[in-house]
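A look at the structure
For reference, the chains in residue letters:
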Amino acid sequence: MTLHSSFLSIVSSPGRFLSRAHRPPDMASNSVPGKENHCLKKDESNSQHKVYLDYNATTPPAAEVVEVVAEAMRDAWGNPSSGYAAGRNAKELIDSARAHVAKMVGGKPEDVVFTSGGTEANNMVLFSAVERFTRESREGQNTTLEEGVLPHIITSNVEHDSVSLPLLHLEKSRKAEVTFVKVSTVTGRVEVDDVIAAVRPNTCLVSIMLANNETGVIMPISDLSRRVASISQNRSAQGLPQILLHTDAAQALGKVEVDVQELGVNYLTIVGHKFYGPRIGALYIHSIGHLSPLLPMLYGGGQERNFRPGTENTPMIAGLGKAAELVSLHCSSYRAHMKSTRDYLEQRLQVVFGDRIRFNSHFPGTEWLPNTCNVSLLRPSILGREWLSQCRHLLASVGAACHSDRGDSPSPVLLSSGVPLEAARGAVRLSVGRETSQEDVDMIVKDLEQAAKHYEVKAEHK
């Protein structure tokens, strides 16, 4: 077996490890573009059907992505820095992928730097902001600030760990001051006025996610950028640092349209495996090195214009480019399908469970991701983990995958968003994907119903 056929056999057949119910052939006319190429396969035995509803945790690679990765492994194995054919092929693939990623977010190819993933991209922004502030202070540019003052960064209290933990580290090691702005318990989002109220003379960066991974709430980044730009406009003349704006768009990409011009951000984090791509990422930097400074965290061979050295992972970059191209072509269709499926899911849950459930993403006047349903079982009073444990078909989680070691503690994100303690304990996160059908929804609602009845019967026999 060749490398190409072996790779395709392994990656395009995850049914060996995971199966799910699929839309019947007679409904194919209602399919979303690219749906027929999804890499989750139907199992032959109905009793073993598994319905995957954890697309906020990760997505399977689109078949087109798998094909591009395999082709790159076969045909573009050369070092992109080399001048011969295999090297030139690799460089061309990387350049093409960069253009597709830039187009997906409305930016320019030269403003995109490839990274190992979202964690690296977020860390690059945070540490760049601190280093830039330190350099400018050392060079006497921040003339109004007292000597020795630390850089100040503003974020929210519902960020992904790849933002919150580096900031806590910087704070603990006395390299930065950090303000964690609380999200509103009424709207579930961080309010622009609260962020602006936290600005100090030494503020150099605001980092707020575009959409929350647990509630799906979409943050008001465009409004925030306008306010920050207004404040930052005259700060240089006052001897104060410019305030840069970063948003982690990991959860939003592929579900809603994302345009960096509309958002008005300096930095935007891109994560491939959240939109049916490979597990690498990228960072968008507006006018890199001019309007938005970026300093390398690693030093080496000079790849990625010295911002991210190390021989490029050509196959994964090519796959990321293909995933971005699919989003650019079909995002509106993806969004419409996911929203109609999610709405149907919530309707069915409401019919079956009535007032025994609570939807944790429903905040007045607030938008949330079209694929996300965070729901709690109130009666019987059980943990979300317990509810899922009795499901025969449903594959889902109680929250962020990176918090899977939290045990039975309720989600801090839900508690911070105003969800009552008992509801937070019983919450599960259901996130639909591009191929999730109404038949899938019917199956998992029945599954959740029988799982709840299991605990009702158990309680009756106590």
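On a predicted model such as this, the values are computed, not experimentally measured, just so you know.

This brings us to the overall build of the protein. On a plain count of helices and strands, the protein comes out with 13 helices and 12 strands. Buried residues in the protein amount to 56% of all 462 residues. Long-range contacts, defined as pairs at least 24 residues apart, comprise 74% of the intrachain contacts of the protein with a sequence gap of at least 6. Counting only carbon and sulfur atoms, one obtains 52% of the accessible surface of the protein, whose full area is about 19,600 Å².

What follows covers the pairing of strand E5 (residues 203–207). Among the five residues of E5, five are classified as buried, and the element is accordingly described as predominantly covered. Strand direction decides the pairing type here: strand E3 (residues 152–156) and E5, joined by four bridges, are parallel. Bridging across to E5, His152 finds its partner in Thr203. The sheet contact formed by E5 and strand E6 (residues 244–248) spans three bridges and is parallel. Paired with Leu205 across the two strands is Leu244, which belongs to E6.

Contact geometry for helix H9 (residues 314–353) and helix H13 (residues 438–460): axes closest at 10 Å, N-to-C directions at 30°. With respect to each other, H9 and H13 are oriented roughly parallel. Viewed along their axes, H9 and H13 form a crossing whose handedness is right-handed. Judged by residue contacts, Thr341, Tyr344, Leu345, Arg348, Leu349, Val352 and Phe353 of H9 engage Gln438, Val441, Asp442, Ile444, Val445, Leu448, Glu449 and Ala452 from H13.

Okay, the sheet that holds E5 next. If you walk across this open sheet you meet the seven strands as E2-E8-E7-E6-E5-E3-E4, and the pairing is mixed. Edge positions in the open sheet fall to strand E2 (112–115) and strand E4 (177–181), since each of these has one partner strand only. Strand-to-strand twist of the sheet, defined as the mean angle between neighbouring strand axes without regard to direction, takes the value 20°. One ladder, built from four bridges, connects E2 with strand E8 (residues 281–285); its direction is antiparallel. Considered in E8, the bridge of Phe114 is made with Ala282.

On to the environment of Gly319. Here Gly319 shows up in helix H9. Ignoring any residue separated from it by four or fewer positions in sequence, one finds Gly319 in contact with Val65, Val68, Val69 and Pro278.

The subject of this paragraph is the nonpolar core. Counting residues in hydrophobic clusters, the biggest one holds 90 residues, and the most contacted among them are Leu268, Leu349 and Leu430. Of the residues forming this core, the biggest block, 14 residues, is contributed by H9. If you look at the next biggest cluster of nonpolar residues, it comprises 25 residues, including Val125, Ala129, Leu167 and Leu205.

Moving on: the pattern of salt bridges. Applying the stated criterion to the full structure yields 19 salt bridges. Two residues, Asp223 and Arg226, come together in a salt bridge whose shortest N-O distance is 2.4 Å. Of this pair, Asp223 and Arg226 both sit in helix H7 (residues 221–232), separated by three residues, roughly a single helical turn. Take Asp223: its relative accessible area is 40%, and that puts it in the partly exposed class. One continuous salt-bridge network, built from bridges that share partners, spans Glu257, Arg335 and Glu367.

Here we take up the sheet that holds strand E10 (residues 372–377). Sheet architecture is open: three strands sit in the order E9-E10-E12, paired in antiparallel fashion. Looking along the sheet, the strands with just one partner apiece sit at the ends: strand E9 (357–359) and strand E12 (427–431). With direction set aside, neighbouring strand axes in the sheet form an average angle of 30°. Where E10 meets E12, five bridges bridge the pair, whose relative direction is antiparallel. Note that in E12 the partner of Thr372 across the bridge is Ser431. Lying on the sheet, H9 is in contact with E9, E10 and E12; it crosses E10 at an angle near 15°.

Conventions we followed
- Residues numbered from 1 in each chain as written.
- Predicted model: local features only at pLDDT ≥ 70, side-chain atom pairs only at ≥ 80, totals over all residues.
- Heavy atoms only, no water.
- Helix = DSSP H or I, 4+ residues; strand = E, 2+ residues; numbered from the N terminus.
- Buried < 20%, exposed > 50% of the residue type's maximum accessible area, 1.4 Å probe, protein only.
- Contact = heavy atoms within 4.5 Å.
- Areas by Shrake-Rupley, 256 points an atom, 1.4 Å probe, with all protein chains shown as cover.
- Pairing = 2+ DSSP bridges.
- Axes fitted to C-alpha atoms, helices over the stretch in contact; angles between N-to-C directions.
- Parallel < 35°, antiparallel > 145°, perpendicular 65-115°, else oblique.
- Left-handed = near helix turned anticlockwise from the far one by under 90°.
- Core = buried A, V, L, I, M, F, W, Y, C linked by side-chain atoms within 4.5 Å.
- Salt bridge = Lys/Arg side-chain N within 4 Å of Asp/Glu carboxyl O.

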